[in-house]
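Each chain is listed here by its residues.
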Amino acid sequence: MRFHRKILQKYGKAGDGRVITPMFPVVAAALACMLIIASGCTQKKPAPSPRAPVTVATVAEQDVALQVKAIGNVEYYSTVQVKALVGGQMLAAHFKEGQDVKKGALLFTIDPRPFEIALRQAEAALARDRVLAKNAEDDLNRYTELVQKDYVTQEAYEQLKANVEQFRATVKGDQAAVDNARLQLDYCTIRSPIDGRTGALIVYPGNIVKANDTSPLVVMNQMTPIYVSFSVPQQNLPLIRTYEAQGQLKTEAVLQDNTPAIQGSLTFIDNAVDTTTGTILLKATFDNADKALWPGQYLNVILTLTIEKNRIVAPSQAVQTGQAGHYVMVIRDDMTAESRPVDVERTQGDLAVIRSGLKAGEKVVTDGLLRLTTGTKVEIRNPV
């Protein structure tokens, strides 16, 4: 206040006692500056910046499976289109649609009566010609004694001999006719050629079927065992062939993420690379005793080539890609971050197999990477 009075005494009044108003803003500005300076002197120093929170994982040394992964498709082991080999009226179907049947099980019956008649006719012709052949042989035996005594001519003897050969041939032809008629009769009962599962019935009982018609009566698929086919890039072929030569390769089929893998083995490598896609077709065989695999399904396939010993691995989410290549953020003993380049051999699932740049026991950042640079102080939260 004393300072204010001095200001007013010096500048605030004119000779006649009036206040000089043009000088008041200058005074106010001077006072404001003094207040700002005073308040600035009393402010606290800024608090140190907080540590960056991060989640880390420990680099490990462990055995790692060398695997090839692909999308596979389930295929039946074999399929049969069941057709009629003889024509006639279908009398019955002896199975239910979608039923599992054993090899040799009765599937269809075609009206056998025309074929039974044909068989009896063939058998009668065979019996007749056998009698004729026997009579001709008896005549030949008698004429053999007579021709030796010159009671009959050699010409008559040769004619009887030819008749015997002719009847013998006729009997053989009749026997073939009987066998064929019996076979045609057998074709009237159609049996399962494989252990398999029947599909939808295409021709129903009561219809007339034709021999070797283009349309099958039913289609059967063999599902135990069963195939899973999948294609892999041609670059994997040399490695697959190398390990396949050492023994059967374990193959796993995964239907869903939370279900156990189904075990099988690689049994087929195609003889050519598909030039349109640059892939090679493979097939694995599975027992499929529980029918878990169904023809037409799509699933994940894991082909294990070998187990590599003592490999350095880190979580794949810890590996970042920069202009110079792959790198990870390593947490040093003084709780600061360090950007370190790494040589990643491959990524397998949620693990990255590291060729060089890390060693077992080191901690790498898996979450909170955006806040970090080399030298940033960190605070570890929820370590993995």
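Please read all numbers here as calculations on a predicted model, not as lab measurements.

Visitor: Got a minute to help me understand the nonpolar core in this structure?
Guide: Nonpolar side chains tend to gather and get buried jointly when the protein is soluble and globular. In terms of nonpolar packing, the biggest core is built from 27 residues, with Phe108 and Leu217 touching the most fellow members. It is helix 3 (residues 113–148) that provides the largest number of residues to this core, a total of five residues. Ile226, Phe230, Ile280 and Leu282 belong to the second largest nonpolar core, which has 23 residues in total.

Visitor: Help me understand the layout of surface pockets in this model?
Guide: Rolled over the atoms, a probe with the dimensions of a water molecule shows which regions are left empty. For the largest pocket, the calculated volume is near 160 Å³. Of all the secondary structure elements, the ones that give two or more residues to the lining of the largest pocket are strand 2 (60–82) and strand 17 (343–348). It is strand 2 that provides the largest number of residues to the lining of the largest pocket, a total of four residues. Classifying every residue of the lining of the largest pocket gives four nonpolar, five polar and two charged.

Visitor: Hey, could you run me through the pairing of strand 1 (residues 52–58) in this one?
Guide: Remember that side chains alternate between the two faces of the sheet whenever the strand is regular. The element strand 1 is largely enclosed, with a buried count of five among its seven residues. Direction of pairing for strand 1 relative to strand 20 (residues 378–380): parallel, over a ladder of three bridges. The residue bridging alanine 52 from the neighbouring strand is valine 378, located in strand 20. For strand 1 and strand 19 (residues 363–367), the ladder comprises four bridges, and the chain directions are antiparallel. By the bridge assignment for strand 19, alanine 57 is matched with valine 364.

Visitor: Explain the pattern of salt bridges here, please?
Guide: A pair can form between side chains of opposite charge whenever their charged atoms are brought close. A complete count under the given rule lists 20 salt bridges for this structure. Notably, a salt bridge pairs aspartate 111 with arginine 113, separated by 2.9 Å at the nearest N-O pair. Classification of aspartate 111 as buried rests on a relative accessible area of 11%. Between glutamate 123 and arginine 182 there is a salt bridge, with the nearest N and O atoms lying 3.3 Å from each other. Of this pair, glutamate 123 sits in helix 3 while arginine 182 is found in helix 4 (residues 154–186), placing the two residues 59 residues apart along the sequence. The exposure class of glutamate 123 is partly exposed, given its relative accessible area of 34%.

Parameters at a glance
Residues numbered from 1 in each chain as written. Predicted model: local features only at pLDDT ≥ 70, side-chain atom pairs only at ≥ 80, totals over all residues. Heavy atoms only, no water. Core = buried A, V, L, I, M, F, W, Y, C linked by side-chain atoms within 4.5 Å. Buried < 20%, exposed > 50% of the residue type's maximum accessible area, 1.4 Å probe, protein only. Helix = DSSP H or I, 4+ residues; strand = E, 2+ residues; numbered from the N terminus. 1 Å grid on protein atoms, 1.4 Å probe; cavity = no way out; pocket = protein on both sides within 12 Å on 5 of 7 lines; lining within 4 Å. Points joined across faces, edges and corners; volume = space filled by probe spheres on them. Nonpolar A, V, L, I, M, F, W, Y, C, P; charged D, E, K, R; others polar. Pairing = 2+ DSSP bridges. Salt bridge = Lys/Arg side-chain N within 4 Å of Asp/Glu carboxyl O.

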